[in-house]
Structure formats: structure tokens, C-alpha cells
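Take a look at the letters that make up each chain.
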Amino acid sequence: MLIQEKITIRQFALLTFLVMVGDMILIYPSLVTAFGKQDAWLCSLLSQPLGMFIMWVLYKLHQTHPNLSLIEISQKLLGRWAGSALSFAYLFYFAIGAAICIREVGDFMTTQIYLQTPIRVILIMFICPLIWGLFNGLSTMGKTIELLTPIVVVFMILLFLGLLPQAEISKLQPFLNTPWFSLVEGVIRAAFTSFGELIVLSMVLPYVVSGAHIKRDLLLATFIGGLLLSVLLMMSLMIFGPFLTQHEIYISYTLSQKINVGNFFERIEALMAIAWLIATYAKSQLYIFAFVAGMAQMFGLKTYKLLVLPSAMLIFGLAILIAPNVLFYTNTIMPAWVDWDITSSFIIPLILLLVHHIRYGKNQSSTKSST
């Protein structure tokens, strides 16, 4: 096995939660509200069962070969040539995913906080701890996640509690006034925008300590993450309404600026930025890990750490080139990215499961009957 280190089930569950919320803390409300309007909160809630089904499919794919990653499963099921082609497609997906997460950090910091700082400086400052974490190994990454996740949870709870006095349910009305086609599209976008990117977890699942509750904790972590995003979306609608929620890119950061409890507890947007940076850091690190580990598995290397620095330089360049500005990212990349998520996280895993059933289904059924 390429990696001898293991992470615990709890560390994996916390990692799943952070990857689930990740960059979605800032951009999820506007993405869903673009289709669901004032019924976007309903789209988000209805997307949860679909999202859980997506996770079930990914876990069933992992169960076909529990000791293999997604790259190795693809090659085993499809053969050398077709499996390698699909593996390269997934590696490209992981590299672009990491570049987008890192670019989001750069755009956010240079438009909201450090207005005069060049974006390349922000990106380098963000990539350096990512490189350091990857060099220290998977076990250290798991312990870091275990340490930082409570910070994200506490800051999000403070955000919700601070916003409660300003929430107005009347801004959710009229109910079900959105066309049904838009509602269905909103449900699909809500599910695959958040749950769809969890395909990257299949690169870590082989290195999780085996236990009886791994499936339960995986589904529970994704459910809690989806519920948190739904509550965040509902808060955005009840405070700003559908128009501002749709057109404000960093709506949760703007929400944190609205908090004022007794003229004492206010201006906590820095805490919100910290929570988002921690979650995006975990997501970016997992994407880069998936890329370098997948490359090492593709070429039969003994360690992935030789690829960390060149891969980080490649992803830094991609983060610069991927979009000229934040508007291009939100208007052009994100709509296409959801379709890519649907293909990579749902359609292809279903095809791989079908191939596994065709190739190994008869052998498994005969083995069960003989026992």
C-alpha cells in the first residue's frame, strides 16, 4: 500500500464535515437561491435525501474493494487503458478542485479584507501550510482536522445565535411561488453543489481505521454538514431576502457584519472569515492529497511526497489562470462545475458499480450459495 498511515473514524468524520461545508459556507446560499428564489430553503432541505443517496453510492463503490482508492478501483474494474483514462480524468478533476478552492481564498481576501494586497501573495501564504501539512503525512492531517473542527462549529453557532433577533419568517413568503422546473433544478443544484464534491473522500477511505461505525459516521457527518448549510441559507433568506441572497457573493460574511447584540457583541466577521478559511483549508488539502496520491498510484511510486512541491506549484499556476476575476468564476465556472460534479460523483460511480456487478456479481452469488 502506498500509504502506511491511518486516520481514525472520528478524524475521517470530521474531515467529511469540513469538506462538506468547506467553501460552501460563503457561496452556497447564493448558488441555490439563484434557482429556488424565496423557496431556496425548501430546495436545500429536499436535496438532503438526494445527497445522502449520493453518499450511499460512493460508499457502496468503496465497499467493492475496501483497500483500494478510487484511482485503483477504476483501473481494476475497467482495465489498464480505460481505467487509466478515467483515472487521469479524476486527477484533472482533483487538480482543478484544489485550484478553485485556493482561488476562492484569494478572491475573498483581496476583495473583502486585504484590498491592496496582490492575489499571488495571498495564494502563496495559503499554499505554504498546505504543503507543510502534506509533507507531514495523513496522520498529522487527521489530527489537525480534529483540532480545528470545533473552532468552525463554535463560530457557526455564534453566527446563528447572533442573527436570530433579526430573522423574519415573512421574508420566506410567498411559499411555493417558484416554478416547479426551477424548484427541481434548485434541488439538484443544492445536492450536487455540496454533496457532489465528496467523491474526493474515496481517495482517503482505504486509509481509515476499520470499524463497525464508519458508514454511520460518514452519513451522519454529511447529514450534519448539509443541515448546517440549510440553516445558513434559511438565515440568509430571513434577513436579506431572496434578491440580496442571490446577488451577494459572500453572503455569510455579510451576515456576520449584521450582528449587533446590545451594541456589545458585534462585528464578528473576522471570526466568520477564520471559520471559512479553516474549512476551505481542509478541503483544499484533501484535493491536493487526492491528486498527488493518485499520481503516485498511477505511476507506481513508493511515496507521494516527491510530488507534493511540483503539484503545489502546478495548482498555484492553475489558481491564477482559472479565472480573470471573481465574476467570471461565479457566472461561468460554477454552473459548469455542478454538471461536472454530477458526472464525476454520481454517473461514473454508478457505471463502475454496474461494471463490478457484471464482472464479479456471479462469482459473489455462487460463493454465497455454496456457503
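Predicted model only: the values in this text are computed from it and were never measured.

### Regarding the layout of surface pockets
Size it by volume and the largest pocket reaches roughly 390 Å³. Residue lining of the largest pocket: 17 residues in total, with Ser 30, Leu 31, Ala 34, Thr 330 and Asn 331 positioned closest to the centre. Contributions of two or more residues to the lining of the largest pocket are made by α2 (24–36), α8 (180–194), α9 (214–247) and α13 (326–370). No other element matches α13, which puts seven residues into the lining of the largest pocket. In this model, the second largest pocket occupies a volume close to 240 Å³. Along the wall of the second largest pocket there are 13 residues; nearest its centre are Leu 14, Phe 17, Thr 149, Val 153 and Ile 224. At the level of secondary structure, the elements contributing two or more residues to the lining of the second largest pocket comprise α1 (9–21), α7 (138–163) and α9.

### Describing empty space enclosed by the protein
Per the counting criterion, the structure on display carries four cavities of 30 Å³ or more. Contributing to the lining of the largest cavity are Ile 7, Gln 11, Phe 12, Leu 15, Leu 138, Met 141, Gly 142, Ile 145, Val 204, Ala 282, Gln 285 and Leu 286. Mapped onto the lining of the largest cavity, the elements with two or more residues apiece are α1, α7 and α11 (269–298). At four residues, α7 tops the list of elements feeding residues into the lining of the largest cavity. Grouping the amino acids of the lining of the largest cavity by side-chain chemistry returns nine nonpolar, three polar and no charged.

Rules and cut-offs
Residues numbered from 1 in each chain as written. Predicted model: local features only at pLDDT ≥ 70, side-chain atom pairs only at ≥ 80, totals over all residues. Heavy atoms only, no water. 1 Å grid on protein atoms, 1.4 Å probe; cavity = no way out; pocket = protein on both sides within 12 Å on 5 of 7 lines; lining within 4 Å. Points joined across faces, edges and corners; volume = space filled by probe spheres on them. Helix = DSSP H or I, 4+ residues; strand = E, 2+ residues; numbered from the N terminus. Nonpolar A, V, L, I, M, F, W, Y, C, P; charged D, E, K, R; others polar.

So, to be careful, I would describe these as geometric facts and stop short of saying anything about function.
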